[in-house]
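So you can see what is in the structure, the chains are spelled out below.
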Amino acid sequence: MANNPPDYELADRMALTRPAQVKAIGHPLRTTILQLLHERAASVTELAAAVERPKSTVAHHVDVLTRNGLLRVVRTRKVRAIEERFYGRTARMFYVTAEPSPAGDAMPGDFNDFQVAARESAPAFEQGKLWGFIRHARISEDQASQFWDRMAELVAAFDQMPRAGETTYGFAIGIYPTDHPTLPTAE
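Residues numbered from 1 in each chain as written. Predicted model: local features only at pLDDT ≥ 70, side-chain atom pairs only at ≥ 80, totals over all residues. Heavy atoms only, no water.

1. Observations regarding the pattern of salt bridges
Selection criterion: We define a salt bridge as a contact between a side-chain nitrogen of Lys or Arg and a carboxyl oxygen of Asp or Glu at a distance within 4 Å. Strands are runs of DSSP state E lasting at least 2 residues, helices are runs of H or I lasting at least 4, and numbering of each runs from the N terminus. Whether a residue is buried, partly exposed or exposed follows from its accessible area with a 1.4 Å probe, protein chains only, as a fraction of its type maximum: under 20%, in between, or over 50%, in that order.
Following the criterion strictly, the structure yields six salt bridges and no others. The salt bridge involving Arg163 is made with Glu39; its shortest N-O contact spans 4.0 Å. One end of the pair, Arg163, is in the segment after helix H6 (141-159); the other, Glu39, is in the loop between helix H2 (28-36) and helix H3 (44-51), and 124 residues separate them in sequence. A salt bridge links Arg67 to Asp63, with the shortest nitrogen-to-oxygen separation between them at 2.4 Å. Here Arg67 and its partner Asp63 are both found in helix H4 (residues 55-67), four residues apart, which amounts to about one turn of the helix. What makes Arg67 exposed here is its relative accessible area of 56%.

Written out as structure tokens, the structure reads:
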């Protein structure tokens, strides 16, 4: 197992500019596949075993991710007379850009990492093992953007941590505008 996962070369960040790319990462099984490949490259057989789904189902989802440029074959090996492919991510972090597509297609509006995090974290909350913070601050858009860049560095550090232990931990982070109440400006 690699000390600094994953065990293949990949870009640090990749902008998702096409609606099909955003839709591809919006499916829970495809998100899980992408997360598994943060650790190391894997074959469809290994991925199917990890997610306890049929190989045909996993192969379909790997194909969707590959067609949309989110996965690629990073190595192969001969198994009997068949060439086994090992897939890896194309980037450590994917982010959605606000650029309109040339075809005028709208980005899907139903992708929300926090919905996934809320669903995944419920059992940890019930077991008293959920650590979390929520804070509100009245700041400028420029300050929010700068803070997001710092959070992205923290996400990258989490992604690159050496894999150890028996438990997989989730990590959700974000910044968003809200209508949380604020005090009026002091006179």
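Still to come is the rest of the account.
2. Notes on the packing of aromatic side chains
The criterion, for reference: Aromatic rings from Phe, Tyr and Trp, with only the six-membered ring used for Trp, were paired whenever their centres fell within 6.5 Å, and each pair was classed as stacked if the ring planes differed by under 30 degrees, edge-to-face if by over 60, and tilted otherwise.
The tally for this structure, following the rule as stated, stands at two aromatic pairs. Between Trp131 and Tyr169 the ring centres are 6.2 Å apart and the planes differ by 10°, which places this aromatic pair in the stacked class. In this pair, Trp131 is assigned in the loop between helix H5 (113-126) and H6 and Tyr169 in the segment after H6, connecting sequence segments 38 residues apart. The burial state of Trp131 is the same as that of Tyr169; both residues are exposed.

3. As for the layout of surface pockets
Taking a probe equal in size to a water molecule and rolling it over the atoms shows the remaining empty space. Definition in use: Site definitions follow a grid-based scheme: protein atoms alone, a 1 Å grid, a 1.4 Å probe that fits but cannot get out for cavities, and for pockets an open set with protein on both sides within 12 Å along at least five of seven lines, plus lining residues having an atom within 4 Å of a point. Grid points are joined across faces, edges and corners, and a volume is the space filled by probe spheres set on the points. Residue polarity is assigned by list, with Asp, Glu, Lys and Arg as charged and Ala, Val, Leu, Ile, Met, Phe, Trp, Tyr, Cys and Pro as nonpolar; anything else, Gly included, falls into the polar class.
Considering only enclosed or pocket space, the second largest pocket measures out at about 150 Å³ in volume. At the level of secondary structure, the elements contributing two or more residues to the lining of the second largest pocket comprise H3, H4 and strand E3 (82-89). With four residues, the top contributor of residues to the lining of the second largest pocket is E3. Here the lining of the second largest pocket is composed, by residue class, of three nonpolar, two polar and four charged.

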